[in-house]
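# Structural features, examined
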Amino acid sequence: MGGVLRACGEDGVAERGDYQGSGLALVDDKGRVAIPNALRSTLAANSPRADGKDGGTIIIAAHEDHPCLVAYDPAYRAALKAELAHRLELSRGPDGKVDQNIKRDLANGEEVPFDGSGRFIMTGYPRFHAGIEQHAFFWGMLDTIEIWDPKTLVETPGLSRNMIAACRYYAQEKGIAL
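All of these numbers come straight from a predicted model, not from anything done at the bench.

### Considerations on the pattern of salt bridges
Counting across every chain of the model gives nine salt bridges. Its salt-bridge partner being Arg16, residue Asp143 comes within 3.8 Å of it at the nearest N-O pair. Residue Asp143 is found in the loop between β7 (135–140) and β8 (145–148), and its partner Arg16 is found in the segment before β1 (22–26); the two are separated by 127 residues along the sequence. Overall, the relative accessible area of 38% leaves Asp143 in the partly exposed class. By relative accessible area, which is 21% here, Arg16 ends up partly exposed. The residue Arg92 makes a salt bridge to Glu89 at a minimum N-O spacing of 3.1 Å.

### Thoughts on the sheet that holds strand β5 (residues 110–114)
Read from one edge of the open sheet, six strands run β1-β7-β8-β4-β3-β5, paired in antiparallel fashion. A single partner strand is all that each edge strand has here, and the edge strands are β1 and β5. For this sheet, the mean angle separating the axes of adjacent strands, direction not counted, is 30°. Of the pairings in the sheet, the one linking strand β4 (residues 69–72) to β8 comprises three bridges and is antiparallel in character. Its bridge partner being in β8, Leu69 is matched across the sheet by Ile147. In the packing of helix α6 (residues 161–173) onto the sheet, contacts are made with β1, β7 and β8, and the angle to β7 comes to roughly 140°.

### Observations concerning α6
Across its 13 residues, α6 extends 18 Å between first and last C-alpha, which sits within 8% of the 18 Å expected from 1.5 Å per residue. For α6, the complete set of buried residues consists of Met163, Ile164, Ala166, Cys167, Tyr170 and Ala171. End-on view of α6: buried residues confined to an arc of 160°, all on one side of the axis. With respect to the buried face of α6, the exposed residues turned more than 90 degrees away are Arg161, Asn162, Gln172 and Glu173. Looking at the packing, one finds that the buried side of α6 touches β1, β7, β8 and α5 (150–155).

What counts, and at which threshold
- Residues numbered from 1 in each chain as written.
- Predicted model: local features only at pLDDT ≥ 70, side-chain atom pairs only at ≥ 80, totals over all residues.
- Heavy atoms only, no water.
- Salt bridge = Lys/Arg side-chain N within 4 Å of Asp/Glu carboxyl O.
- Helix = DSSP H or I, 4+ residues; strand = E, 2+ residues; numbered from the N terminus.
- Buried < 20%, exposed > 50% of the residue type's maximum accessible area, 1.4 Å probe, protein only.
- Pairing = 2+ DSSP bridges.
- Axes fitted to C-alpha atoms, helices over the stretch in contact; angles between N-to-C directions.
- Contact = heavy atoms within 4.5 Å.
- Expected span 1.5 Å × (residues − 1).
- Arc of directions from axis to C-beta.

Next up, the structure:
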């Protein structure tokens, strides 16, 4: 189950909620998909709309290592930028140059609005990258959410057995053959 855990850090600023939970959602022909309930409330709390209405913003990006997507709220961008700066510095060679592919691989996110029901449109390239067609499996990773094509997930070696079992469970529950 997902949950919004709010606590104040040492600086008095509220911390982001953790993404915990999973679910399998239908993707329609236009790429519309709904974020599962277990993750939606945390995402909405982490990225509230400026006008106070339900919904918010989700950032969708190609995963750096796997054929899936990574999703996060706009506030996570600061942590991502810090991680990128650290990785760039570690890549610095004797000539003083850094590996710019680090940024190319991780800074490819696209902001997409979602409504009060968690529906958003998964745009072309991210959907192509992950091979997502009719269904999307969402898996909370605390700071981010991974989004997978279910068949791709179960066929990808080296992934968490627990995550694969959850995907199989949701697919079986919905009568989807993998």
